[in-house]
Amino acid sequence: MERRYNFDFLFLKRFLQLHKILYLGKNYTNLIIFIVLLAIGGLETFVGYRVGLISGNFYKVLVDKDQDVFLSTCLESTALILGISVIKAVKKFTTRRLLVRWRRALCTHIQGIYLHGINFYKLSLFNEEIDNPDQRITADVNSLVTTYGGLVDDDLFLLPIATGYYAYKAYQGAGWIGPTGMFGLFLLSFINKIFMTPVANRTAQLER
């Protein structure tokens, strides 16, 4: 019987179990690094918003022909650009550091199961579905950590906060039309789930 992979309760259960391995017990340091990474991501979102306003500030200053404000705008813009550059570099470093620790935690946990009792002999001699279990462990852990790390680096866990922040700014700028349009677009994006299920199944088959 062919296995099917969906975004369902079983996926959520396995997702939570994965995070217990990554963050609990001896790996509590990973949780601290993850919280720091979230804080850096939040700071990046805030500073990135300010950077997005730079061009508008310059347009206003040039139209008003105010030299004093122009100089202060230049200094503020320079500080923001340097700040966002440093934040992005620190975020990238922190993410890579966390990925290494994730890989170590997962490999240690899976190797412990693999070498427990006679599991090694069962998988090596009597299981025809898994060839080269040690290489499969390495490849699967690397694939999981790289893919999931990319999502975390793209601020997966900050999206709800960022969405609320930008919805508030949209309401300030355009009234109720701003956040209504935003959330309407998000609701339409749930259609992706219909297309994601066959893609997830196909991807899982290819990875096997």
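Here the structure is shown first, and the text comes after it.
Treat the numbers as computed from the prediction; the structure is a model and nothing was measured.

**Student:** I'm lost on the pattern of salt bridges in this one. Help?
**Tutor:** Two side chains that carry opposite charge are able to pair once their charged atoms sit near each other. Across all of its chains, the model carries 3 salt bridges by this definition. Of the charged contacts in the structure, one is a salt bridge between K91 and E44, with a shortest N-O distance of 2.7 Å. Of this pair, K91 sits in helix 4 (residues 67-114) while E44 sits in helix 2 (residues 28-52); the two residues are 47 residues apart in sequence, bridging distant segments of the chain. Looking at K91, the relative accessible area reads 5%, which means it is buried. For E44, a relative accessible area of 10% translates into the label buried. Among the charged side chains, a salt-bridge network with shared partners connects E44, K88 and K91.

**Student:** Which parts of the structure should I look at to understand the nonpolar core?
**Tutor:** The nonpolar side chains of soluble globular proteins are, as a tendency, buried together. Counting residues in each nonpolar core, the largest one holds 17 residues, and the members touching the most others are L22, L98, W102, L106, V145 and V152. Every element with two or more residues in this core is listed here: helix 1 (9-23), helix 2, helix 4 and helix 6 (133-153). Apart from residues no more than four positions distant in its own chain, V152 is found in contact with F34, L37, W102 and F157. With 6 residues, the next largest nonpolar core counts V47, I54, I84 and I87 among its residues.

**Student:** I'm lost on the side chain of R101 in this one. Help?
**Tutor:** The topology assignment puts R101 in helix 4. For R101, a relative accessible area of 14% corresponds to the buried category. When near neighbours in sequence (up to four residues on either side) are disregarded, R101 contacts T29, N30 and I33.

**Student:** I would appreciate a short explanation of the packing of helix 4 against helix 6 in the present structure.
**Tutor:** When two helices pack together, you describe them by how their axes are tilted relative to each other and by the distance separating the axes. Contact pair helix 4 / helix 6: the axes reach a minimum separation of 9 Å and the direction vectors enclose 150°. By the angle between their axes, helix 4 is roughly antiparallel relative to helix 6. The two elements helix 4 and helix 6 cross, and the hand of that crossing is right-handed. Note on element contacts: helix 6 touches helix 4 through P133, D134, I137, V141, N142, L144, V145, T146, Y148, G149, V152 and D153, opposite K91, K92, T95, L99, W102, R103, L106, C107, I110 and Y114.

**Student:** What is the right way to read the packing of aromatic side chains from this model?
**Tutor:** To describe a pair of aromatic rings, you give the distance between the ring centres and the angle between the ring planes. Per the stated rule, a full pass over the model turns up 5 aromatic pairs. Measuring from ring centre to ring centre gives 6.0 Å for F58 and F70, while their planes differ by 70°; the resulting arrangement is edge-to-face. With F58 in helix 3 (residues 54-64) and F70 in helix 4, this residue pair connects regions lying 12 residues apart in the sequence. Overall, the relative accessible area of 29% leaves F70 in the partly exposed class. Among the aromatic residues, those joined into a cluster by ring pairs are F15, Y23, F34, W102 and Y148.

Calculation notes
- Residues numbered from 1 in each chain as written.
- Predicted model: local features only at pLDDT ≥ 70, side-chain atom pairs only at ≥ 80, totals over all residues.
- Heavy atoms only, no water.
- Salt bridge = Lys/Arg side-chain N within 4 Å of Asp/Glu carboxyl O.
- Helix = DSSP H or I, 4+ residues; strand = E, 2+ residues; numbered from the N terminus.
- Buried < 20%, exposed > 50% of the residue type's maximum accessible area, 1.4 Å probe, protein only.
- Core = buried A, V, L, I, M, F, W, Y, C linked by side-chain atoms within 4.5 Å.
- Contact = heavy atoms within 4.5 Å.
- Axes fitted to C-alpha atoms, helices over the stretch in contact; angles between N-to-C directions.
- Parallel < 35°, antiparallel > 145°, perpendicular 65-115°, else oblique.
- Left-handed = near helix turned anticlockwise from the far one by under 90°.
- Phe/Tyr/Trp six-rings, centres within 6.5 Å; stacked < 30°, edge-to-face > 60°.

Distances and angles like these do not, on their own, reveal function.
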